[in-house]
Amino acid sequence: MKVQTSFIVKEYLRPKMLPSTWCGGCGLGIIMGAIAQAVHFKGLDKDNVAMVSGIGCTGRMSGYMDFNTIHTTHGRAPAFATGLKMARPEMTVLTVMGDGDAMSIGGNHLIHAMRRNIGMVAIVVNNSVYGLTGGQTSPTTPIGGHTTTAQSGSFERPMNLEALARTAGAAFYARATVNHTASLTKLIERALDVSGFALVEIISNCHVLFGKMNQMAEASTMIAAMDEDTWRTNPTLLRRAHLPIRLTSPESPSAPVHALTEMDDVEDESRTWRGVIFERKGSVDLSKRYYNMLGRIREQQRAAEEMV
Amino acid sequence: MPTPAFMHGNQAVAEGAIAAGCRFYAGYPITPSSEIAEILSERLPQVGGVFIQMEDEIASMAAIVGASLGGLKTATATSGPGFSLMQENLGFAVISEIPCVVINVQRVGPSTGLPTRAAQGDVMQARWGTHGDHPIIVLSPSSVQECFDLTVRAFNLAERFRTPVVLLSDAIVSALREKLVIPDAADIAIFNRTQPTVAPDDYKPYEFLHGDVAPLPRFGDGYRFHVTGLVHTELGYPTEDAEIISRWWEHMSSKIEDNLDVILDWEEIELDDAEVALVAYGGTARSAMHAVSLAREQGIKLGMIKIRTLWPFPEQVIRNLAGRVGTIIVPELNFGQIRLEVERLVAGRAAVRGINRADGIQISPEHILDVVRGLERVP
Ligand SMILES: Cc1ncc(C[n+]2csc(CCOP(=O)(O)OP(=O)(O)O)c2C)c(N)n1
Ligand code: SF4
Ligand SMILES: [Mg+2]
């Protein structure tokens, strides 16, 4: 099921903020549409939805969407969102971050938001690069991937966000891509049902920077590669945690990979899973637990007052 | 009935916060501020408020801005190293005009410095710590009573002018135990941020008012506005239009500059016939006041100005002082951060001297008096 784009634009976007600053063909537009659709299908009241974003191309999204929105500082979105959620536990909070935002500068905030299991849907747009600042290496740049700060190919091991989320205590983890739009929307809907910290990692394309430097200058080439490089999750087939997606060009699969391939302790997984990766049953959002505690304290106070 | 109480400065800050209506605290422990968090972790749940210990001071500052947008009065407390970490999101609160209170109990720096020893070395960081030009309000208490009163005032000013307010305490007043009087709740003036009366479509969250601020509804109240750290239009949308930016700057500075009568706060002590004046603030003002009474016992015409609003600086008060006394002495636990400000304003019309130390030892009243006497001996 999909609603008309014109309806999404009218209902969920801010006309005065458009057109966006994003490049033509950027996956971020698809992601914004999927978020709007998911909110729509869930029947959420816009007044009760907050979008808190960091800084980056991804971070710009909060400006375009007609919710209660905060475009925060680089990496700090989970901390701003934690304050908001604790103050207004009844609100649906969407925290939107880029890969650098979430895993590099904001890594600590992300870890602790997951540990606290604070109720929010965290959208991490993984385009393997720092988009806004001009294509520098990010914590998910694959080994060998060319960036403006890894001219001979990146030689660092990328972050395994899935494993991090699992150990830090996130309630839910799904991976989607901008190629598989129907499941993208569905996975965000699923995340919206979670009580606690629900993370949706979305593989996106930055064809103008990362793509261009890695023989995938066309958005369509990059998006097609996402189908080649990902499998849909199958509950019986869920394997151990994987490296983030390795985006190789379908025409020349080994093209970007010539730097430091001798780094032999790195798992070489050419495909990665999409779908719901894990979900912790019985998870309860921190803000809910906190307000339950306040309720108990209030009861004790009443009982004490009655004694007097 | 006003309640007499006996407590230390950090406790008075915590109680002042509760009295002012603070219902959200996020912080990260650091000496000598930690008691504020410890006390509020007990007090806030008692009044239905939120206490959360964050992963660091960057997150603490972020959380109090997020919670303030949720409609609560919010605060965090820290000391030097944590205050440095807060600067990034303090700037965010400034530009996005979100009320909140940041308490910095100063210790000797830089870096880990002397963690348990008092200093006043963050005066300029409190003014200019975050990058870029910006308005800010900074208050400095010198007694346990003022810890309570100025904390209430910090919340009121934050709400009134939609700005972060820094309460610049120090390890002298924070640990000091003395009497204070807690007024009846009904007698404590409380200001709450104004709420919009227009329909959501007509609401401008950042209206460029001259000398005033736009109302600020809670998230979730139907106004669905945008908050950003980018320079923005009256609707909160990013802009690079120089004309709009100049109107924005005008709004940002006039909301403070046009309200100095409300914001500035100082006290004149024994100044009428004074020939020499002390200018002091925070913990050091205590020694200065003592020095004034010692001097008066000995017939020395010493007076003083105790500054409670450090920023914006009470410029006219100091300019006027230059015409009234021959010498101004500024004792402070740093190497002259406020003295330079005083010199700038006095502009040669009176002699200005500093008494400075930053070794963790307080400036004693006798030390101040010695300096004053030394002046008298100069022909
Ligand atoms: C404290 C700080 N350091 C650096 C920057 C510059 N900066 C802005 S966005 C960005 C990286 C963005 O990359 P990512 O988070 O992956 O988002 P994308 O643009 O790819 O969506 C950087 C380094 C900043 N804004 N703030
Ligand atoms: S630079 Fe990359 S991530 Fe940013 S808008 Fe363009 S394509 Fe998208
Ligand atoms: Mg990125």
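Residues numbered from 1 in each chain as written. Chains lettered and ligands numbered in written order. Predicted model: local features only at pLDDT ≥ 70, side-chain atom pairs only at ≥ 80, totals over all residues. Heavy atoms only, no water.

Would you mind showing me how to read unusual backbone geometry here?
Generally, phi is negative for residues other than glycine and the peptide bonds are trans, each holding for most cases. Cis geometry marks the peptide bond from Leu18(A) to Pro19(A); its omega dihedral reads 0°. Within the secondary structure, Pro19(A) sits in the loop between α1 (5–12) and α2 (27–41). Residue Pro32(B) is bonded to the preceding Thr31(B) through a cis peptide linkage, with omega at 0°. Locating Pro32(B) in the fold gives a position in the loop between β2 (22–27) and α2 (34–46). With a phi close to 65°, Ser128(A) is a non-glycine residue in the positive phi region. Structurally, Ser128(A) is set in the loop between β4 (120–126) and β5 (129–130). Residue Glu270(B) is not a glycine yet carries a positive backbone phi of 50°. When you line up the elements, Glu270(B) lands in the loop between β11 (266–269) and β12 (276–280). (Helix = DSSP H or I, 4+ residues; strand = E, 2+ residues; numbered from the N terminus.)

What is the right way to read the interface of chain A and chain B from this model?
Many analyses report the size of an interface as the accessible area lost when the parts associate. Taken together, the contacts link 38 residues of chain A with 40 residues of chain B. Overall, the association of chain A and chain B removes approximately 3,200 Å² of surface from exposure, summing both partners, and the carbon and sulfur fraction of that is 60%. Area buried by chain A at its contact with chain B is led by Asp47(A), Phe80(A) and Arg88(A), which between them contribute 17% of it. The tally of links between chain A and chain B comes to four salt bridges. Between Asp66(A) and Arg224(B) there is a salt bridge, with the nearest N and O atoms lying 3.0 Å from each other. Linking chain A to chain B there are 18 residue pairs in polar contact (both at pLDDT 80 or more). (Contact = heavy atoms within 4.5 Å. Buried area = accessible area lost by both parts, 1.4 Å probe. Salt bridge = Lys/Arg side-chain N within 4 Å of Asp/Glu carboxyl O. Polar contact = N/O pair within 3.5 Å; in protein donor to acceptor, adjacent residues only side chain to side chain.)

Before we go on, may I ask you to explain the sheet that holds strand β1 (residues 49–53) of chain A in this structure?
To summarise the sheet geometry, strands pair through backbone hydrogen bonds and adopt either a parallel or an antiparallel arrangement. Taken in spatial order, the nine strands line up as β9(A)-β10(A)-β7(A)-β8(A)-β4(A)-β3(A)-β1(A)-β2(A)-β10(B) in an open sheet, and their pairing is mixed. Each having just a single partner strand, β9 (230–232) of chain A together with β10 (226–228) of chain B make up the two edges of the open sheet. Sheet twist, expressed as the average angle between the axes of neighbouring strands with direction ignored, equals 20°. Bridging between strand β2 (residues 68–71) of chain A and β10(B) involves three bridges; their strand directions are parallel. Counterpart to Thr69(A) in the pairing with β10(B) is His226(B). On top of the sheet, α2(A) reaches β1, β3 (92–98), β4 and β8 (197–203) of chain A; it is set at about 160° to β4(A), its chief contact. Here helix α10 (residues 219–229) of chain A sits on the sheet in contact with β7 (172–177), β8, β9 and β10 (272–279) of chain A, set at roughly 60° to β9(A). (Pairing = 2+ DSSP bridges. Axes fitted to C-alpha atoms, helices over the stretch in contact; angles between N-to-C directions.)

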